[in-house]
Amino acid sequence: MFRAYTIDLYSRLLLLWHKMNPTCVFCKIASGEAKANIVYQDEWVTAFRDIHPVAPTHVLIVPNKHIQSISHAEPEDEQILGHLFTTARKIAEMDGITEGGYRTIVNTGAHGGQTVFHLHMHVIGGQRMKYPMG
Ligand code: 5GP
Ligand code: ZN
């Protein structure tokens, strides 16, 4: 009982240390606790295929650190936010969609259509996108 409590406390402290949210599915994917088709990972971000793809390429790029949305991003996060874009470039090159083009989307809050509250960039391509948005 005491041992289980100590292990639980330790793992929670470890998650906090890494600025992760233990109830967040994208934190779990970034830490390796939950499964996903990861296509790229580094110190700052994790990129994995969307579970419900809307196009031949549909990859989500998430900061490894838990940031709820753009509305919760701080000036200290600017390096990570910029890194999302250069990672999008990398994903596009990996999937061979650079020349054809692709769409990057970051939904924010209820009106923005955000359903998972860990900031993420969608990289969608491999077919012509539909317009208009909104
Ligand atoms: P949002 O609507 O928040 O911008 O996008 C959330 C995206 O996350 C959706 O496209 C949804 O299909 C995807 N998603 C939600 N849960 C999971 C999951 O557990 N694994 C993966 N790979 N994608 C997920
Ligand atoms: Zn998270």
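A brief structural summary.

Of all five residues that make up strand β2 (residues 45-49), four are buried, and the element is covered over most of its length. With three bridges connecting them, strand β1 (residues 38-41) and β2 associate as antiparallel partners. When the sheet's bridge partners are listed, Y40 is paired in β2 with A47. Counted between consecutive antiparallel strands, the loop separating β1 from β2 contains three residues.

Here we take up the layout of surface pockets. There is about 230 Å³ of room inside the largest pocket. Together, 14 residues line the largest pocket, and V54, R103, I105, I124 and M129 are the ones closest to its centre. When residues of the lining of the largest pocket are traced back to their parent elements, those giving at least two are β4 (102-105) and β5 (121-125). Taken together, the residues of the lining of the largest pocket break down into six nonpolar, five polar and three charged.

About the criteria used
- Per chain, the residues get numbers from 1 upward, laid out in the order the sequence is written.
- As a convention, the first chain written is A and the first ligand written is 1, with the rest following in written order.
- Thresholds applied to this predicted model are a pLDDT of at least 70 for local features of residues and 80 or more for the giving and counting of side-chain atom pairs; totals over whole chains, interfaces and linings are not thresholded and use all residues.
- In computing side-chain properties, one takes all heavy atoms of the structure into account and sets aside hydrogens as well as water.
- A simple rule labels every residue: compare its accessible area, found with a 1.4 Å probe on the protein chains alone, to the largest value its type can have, and call it buried under 20%, exposed over 50%, or partly exposed in between.
- Here a helix means four or more residues in a row that DSSP labels H or I, a strand means two or more in a row labelled E, and each is numbered from the N terminus.
- At least two DSSP bridges between two strands are needed for those strands to be called paired.
- The definitions used throughout rest on a 1 Å grid laid over the protein atoms alone, on which a cavity is an enclosed set of points accommodating a 1.4 Å probe that cannot get out and a pocket is an open set flanked by protein within 12 Å on both sides along at least five of seven lines; lining residues are those having an atom within 4 Å of a point.
- Grid points are joined across faces, edges and corners, and a volume is the space filled by probe spheres set on the points.
- Residues were grouped as follows: Ala, Val, Leu, Ile, Met, Phe, Trp, Tyr, Cys and Pro as nonpolar; Asp, Glu, Lys and Arg as charged; and all remaining residues, including Gly, as polar.

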